[in-house]
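Observations on chain architecture
Chain by chain, the residues run as shown.
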Amino acid sequence: MKQVEKTISYWEYSDDNELSSEDLNLLQKAESAIDGAYAPYSAYHVGAAVLLENGEIISGNNQENVAYPSGLCAERVALFYASSKFPEVPVKTIAITAKAKDFIIDKPVTPCGSCRQVMAESENRFHNKLRLVMKGETGKIFIIEGVNNILPLMFHADELKKK
Ligand code: THU
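Some details on the packing of helix α2 (residues 74-85) against helix α3 (residues 113-126)
Closest axis-to-axis distance for the α2/α3 pair is 9 Å, and the angle between their directions is 25°. With respect to α3, the axis of α2 lies roughly parallel. Two packed elements cross with a definite hand, and for α2 against α3 that hand is left-handed. From α2, Glu-75, Arg-76, Leu-79, Phe-80 and Ser-83 reach across to α3, where they touch Ser-114, Cys-115, Val-118, Met-119 and Arg-125.

Following this line, the structure appears as structure tokens:
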């Protein structure tokens, strides 16, 4: 028996000025998307924007429901819409941010497990590493390159194949 350690890595930026113009633009699109969120139950309004390899940007926001599990996170709304509109085009980067009604979110918004799994599918489908740009309402920005850095030991499509 032995203990195995796996490391993840991500970039930490202290503010928007440090970002590339492409990432800043995408983050601003995610910020604008917050306005369309339907979040009467959590009062936590999330915006996401997806940059595709063809340069298109698709944004989305969280859509809640009185039957809570029927709602959907901003990231999946944006990723599924992008995939339905441009089924053949790989996803390059997703930016995520949020605003809460009652407090300031001062840490980057990191996606839930289900959204991470959907991001893993996008990487696998297009053989294209996904970048994530994450911010709260204020504070630092995290950039992650590759879903393996947010979903270590993920279930992989190869596992379905007979060896
Ligand atoms: N939410 C997202 O849309 N994305 C995240 O990364 C975190 C959580 C939504 C789901 C729900 O509508 C609300 O935020 C509170 O969990």
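Focus: the nonpolar core
For soluble globular proteins, nonpolar side chains are generally found buried alongside one another. Judged by nonpolar contacts, the single largest core of 30 residues is most densely connected at Val-50, Leu-52, Ile-94, Ile-96, Met-119 and Leu-132. Put simply, the parts of the chain that give this core at least two residues each are β2 (44-52), α2, β4 (91-100), α3, β5 (131-135) and β6 (141-145). If we ignore the near neighbours within four places in the chain, the residues touching Ile-94 are Leu-26, Ala-48, Ala-49, Val-50, Glu-75, Leu-79, Met-119, Leu-130, Arg-131, Leu-132 and Val-133. With 10 residues, the next largest nonpolar core counts Leu-26, Leu-27, Ala-49 and Val-133 among its residues.

Side note on the sheet that holds β4
Sheet architecture is open: 6 strands sit in the order β1-β6-β5-β4-β2-β3, paired in mixed fashion. The open sheet has two edge strands with one neighbour each: β1 (11-13) and β3 (57-61). Averaged over all pairs of adjacent strands, the angle between their axes in this sheet comes to 15°, without regard to strand direction. The pairing of β2 with β3 spans 5 bridges and is antiparallel.

Here's the deal with the site of the ligand
The environment of the ligand is made up of Ser-42, Tyr-44, Val-46, Asn-62, Glu-64, Cys-73, Ala-74, Glu-75, Val-109, Thr-110 and Pro-111. Measuring from an oxygen atom of the ligand, one finds a backbone N or O atom of Ala-74 at 2.9 Å. Glu-75 places a side-chain nitrogen or oxygen 2.5 Å from an oxygen atom of the ligand. Spatially, the ligand is embedded in the largest pocket. Of all the secondary-structure elements, those providing two or more residues to the shell around the ligand are β2 and α2. Across the shell around the ligand, the residue classes break down as 6 nonpolar, 3 polar and 2 charged.

What counts and how
Residues numbered from 1 in each chain as written. Predicted model: local features only at pLDDT ≥ 70, side-chain atom pairs only at ≥ 80, totals over all residues. Heavy atoms only, no water. Axes fitted to C-alpha atoms, helices over the stretch in contact; angles between N-to-C directions. Helix = DSSP H or I, 4+ residues; strand = E, 2+ residues; numbered from the N terminus. Parallel < 35°, antiparallel > 145°, perpendicular 65-115°, else oblique. Left-handed = near helix turned anticlockwise from the far one by under 90°. Contact = heavy atoms within 4.5 Å. Core = buried A, V, L, I, M, F, W, Y, C linked by side-chain atoms within 4.5 Å. Buried < 20%, exposed > 50% of the residue type's maximum accessible area, 1.4 Å probe, protein only. Pairing = 2+ DSSP bridges. Near = heavy atom within 4 Å. Polar contact = N/O pair within 3.5 Å; in protein donor to acceptor, adjacent residues only side chain to side chain. 1 Å grid on protein atoms, 1.4 Å probe; cavity = no way out; pocket = protein on both sides within 12 Å on 5 of 7 lines; lining within 4 Å. Sits in = over half its atoms within 2 Å of the grid points. Nonpolar A, V, L, I, M, F, W, Y, C, P; charged D, E, K, R; others polar.

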